[in-house]
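Listed below, chain by chain, are the residues.
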Amino acid sequence: MKKIYIIRHCEAEGQAAEAKLTDRGRNQAADLSKFFANKKVDRIISSPYKRAIHSIQPLANQLNIEIEIDGQLTERVLSTKNFPDWFEKLKTTYDDLELKYEGGESSQEAMKRIIEVVEKVFNSENENTVIVTHGNIMSLLLTYYVKDFGFEGWRNLSNPDVFLLRNVDKKVTYERVWG
């Protein structure tokens, strides 16, 4: 049985790619490494954003595993425009997966990116992999496997959050194990 732990990064100072973890976020990253202390981890893959890498660095150090960076795990860009009603705009993209705003990525496009990463991992030799990413794209992955996760699932995510995906006989299930 293959396992993938999908992690939403710890609390950060902002949304920019260079945003660092807050003091609380650094404590959360230390807690994450403790959470994984008794779990087998063969591989760690992270978004290139600092907040994702810094969320998993304590665990990587503890296990002496190199963090693989994968650009397909970056957060989804809703639009290059600032919307005063961005929350409603985001909600709409869960109802219409093809909807795409100016300079942004549709839910379907973002979902495809993270599914490709997950499918490669499930088809690899590794049994237990940790993937660190961001809330919106993580929620789209979970929506792919269980349609009703959607917008409300995204709203209920925490920083950090951890879901365990299991692939048994080509059937993927998930459960929330932290958050």
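Residues numbered from 1 in each chain as written. Predicted model: local features only at pLDDT ≥ 70, side-chain atom pairs only at ≥ 80, totals over all residues. Heavy atoms only, no water.

## Points about helix 1 (residues 23-35)
At step 1: Here helix 1 contains 13 residues, and its C-alpha end-to-end distance of 19 Å stays within 8% of the 18 Å for a straight helix at 1.5 Å per residue.
At step 2: Buried positions along helix 1 lie against strand 1 (2-8), helix 2 (50-63), strand 5 (161-168) and strand 6 (171-178). (Helix = DSSP H or I, 4+ residues; strand = E, 2+ residues; numbered from the N terminus. Expected span 1.5 Å × (residues − 1). Contact = heavy atoms within 4.5 Å.)

## So, the environment of phenylalanine 87
At step 1: Turning to its location among the elements, phenylalanine 87 is positioned in helix 3 (residues 86-95).
At step 2: By relative accessible area, which is 31% here, phenylalanine 87 ends up partly exposed.
At step 3: A C-alpha to C-alpha distance of 34 Å links phenylalanine 87 and lysine 34, two positions 53 residues apart in sequence. (Buried < 20%, exposed > 50% of the residue type's maximum accessible area, 1.4 Å probe, protein only.)

## Some words on the packing of aromatic side chains
At step 1: For the structure shown, the criterion picks out 14 aromatic pairs.
At step 2: Residues tryptophan 86 and tryptophan 154 carry aromatic rings whose centres are separated by 6.4 Å and whose planes lie at 85° to one another, so their mutual orientation is edge-to-face. With a gap of 68 residues between them, tryptophan 86 in helix 3 and tryptophan 154 in helix 6 (residues 150-155) connect regions that are remote in the sequence.
At step 3: Residue tryptophan 154 is classed as buried on the basis of its relative accessible area of 14%.
At step 4: Ring geometry for phenylalanine 149 and tyrosine 174: centres 6.0 Å apart, planes at 80°, overall edge-to-face. On the criterion of sequence distance, the pair formed by phenylalanine 149 in the loop between helix 5 (135-145) and helix 6 and tyrosine 174 in strand 6 is long-range, its members being 25 residues apart.
At step 5: Through a chain of ring-to-ring contacts, three or more aromatic side chains come together here, namely Trp86, Phe87, Tyr94, Phe151 and Trp154.
At step 6: Residue placement shows lysine 39 over the ring face of phenylalanine 35; its charged tip is 4.2 Å from the ring centre.
At step 7: Note that lysine 89 overlies the ring of phenylalanine 83, its terminal NZ or CZ placed 5.0 Å from the centroid. (Phe/Tyr/Trp six-rings, centres within 6.5 Å; stacked < 30°, edge-to-face > 60°. Lys NZ or Arg CZ within 6 Å of the ring centre and 35° of its normal.)

## Focus on the side chain of threonine 74
At step 1: By secondary structure assignment, the location of threonine 74 is in the loop between strand 3 (67-69) and helix 3.
At step 2: Polar contacts involving the side chain of threonine 74 include one to the main-chain carbonyl oxygen of glycine 71, which spans 3.2 Å.
At step 3: Those residues in contact with threonine 74, other than ones at most four positions away along the chain, are Ser47, Pro48, Tyr49, Arg113, His134 and Ile137. (Polar contact = N/O pair within 3.5 Å; in protein donor to acceptor, adjacent residues only side chain to side chain.)

## Some thoughts on the environment of asparagine 61
At step 1: Within the secondary structure layout, asparagine 61 lies in helix 2.
At step 2: Sequence-wise, asparagine 61 and serine 33 are 28 residues apart; in three dimensions their C-alpha atoms are separated by 9.1 Å.

## So, the layout of surface pockets
At step 1: Considered as a void within the structure, the largest pocket measures approximately 630 Å³ in volume.
At step 2: As for the largest pocket, its lining consists of 25 residues, of which Gln15, Glu75, Arg76, Leu78 and Trp86 are closest to the centre.
At step 3: Elements represented by at least two residues in the lining of the largest pocket include exactly helix 3 and helix 5.
At step 4: Here the lining of the largest pocket is composed, by residue class, of 10 nonpolar, 9 polar and 6 charged. (1 Å grid on protein atoms, 1.4 Å probe; cavity = no way out; pocket = protein on both sides within 12 Å on 5 of 7 lines; lining within 4 Å. Points joined across faces, edges and corners; volume = space filled by probe spheres on them. Nonpolar A, V, L, I, M, F, W, Y, C, P; charged D, E, K, R; others polar.)

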